[in-house]
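Here's the letter readout for the chains.
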Amino acid sequence: MLSSLLVGLACLVVAALLGSRVVFAVAAICWVQNLLVPWWYTRQWIGEDTARALLLVKELLLLFLLAYAAWRARWVWRGRLPAPLL
């Protein structure tokens, strides 16, 4: 649990430093984590609790990415919504 908290705080620091480029950093972290966590778990380098915590962190990062993308999209759609969305 402490490692998840440290990873979350590190991500907040990176987000503050990168500004709008944070989307690429979060996407890269989530993609790498999708590959590494199952591999580490099957090699028994990490336990089940650690793997679950890392997956939870990944899901929270993806939720942050979705919220950030929605926040940035509000500046794109100033007028009517595009026809495919309606």
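Residues numbered from 1 in each chain as written. Predicted model: local features only at pLDDT ≥ 70, side-chain atom pairs only at ≥ 80, totals over all residues. Heavy atoms only, no water.

Colleague: Please clarify how the overall build of the protein chain should be interpreted in this entry.
Modeller: Helix and strand content of the protein chain: 3 helices and 0 strands. In the protein chain, the order of α-helices and β-strands from amino to carboxyl end is α-α-α. Taking all 86 residues of the protein chain together, 21% fall into the buried category. Summed over all atoms, the accessible surface of the protein chain reaches about 6,800 Å², with 72% contributed by carbon and sulfur. (Helix = DSSP H or I, 4+ residues; strand = E, 2+ residues; numbered from the N terminus. Buried < 20%, exposed > 50% of the residue type's maximum accessible area, 1.4 Å probe, protein only. Areas by Shrake-Rupley, 256 points an atom, 1.4 Å probe, with all protein chains shown as cover.)

Colleague: Which parts of the structure should I look at to understand the packing of aromatic side chains?
Modeller: Centre distance and the angle of the planes are the two values used to describe a pair of aromatic rings. One pass over the full model with this rule turns up 1 aromatic pair. Seen in terms of ring centroids, W39 and W45 are 5.0 Å apart; in terms of plane orientation they differ by 65°. Their pairing is edge-to-face. (Phe/Tyr/Trp six-rings, centres within 6.5 Å; stacked < 30°, edge-to-face > 60°.)

Colleague: Looking at this structure, how should I read helix α3 (residues 48–73)?
Modeller: Within an α-helix, residues lying three or four positions from one another point in the same direction, as the helix has 3.6 residues per turn. For α3, spanning 26 residues, the distance from its first C-alpha to its last is 37 Å, which sits close to the expected 38 Å at 1.5 Å a residue. Those residues of α3 not exposed but buried are A51, A53, L54, V57, K58, L61, L65, Y68 and A73. (Expected span 1.5 Å × (residues − 1).)

Colleague: How do you make sense of a nonpolar patch on the surface when you look at a structure like this?
Modeller: Taken together, the side chains of L5, L6, L9 and L12 make up a nonpolar region of the molecular surface, amounting to roughly 400 Å² of accessible area. Looking at the secondary structure, you find L9 in helix α1 (residues 2–18). Residue classification places L9 among the partly exposed positions, given a relative accessible area of 45%. (Patch = residues over 30% accessible without salt bridge, like charges linked within 9 Å, V, L, I, M, F, W, Y side chains within 5 Å. Salt bridge = Lys/Arg side-chain N within 4 Å of Asp/Glu carboxyl O.)

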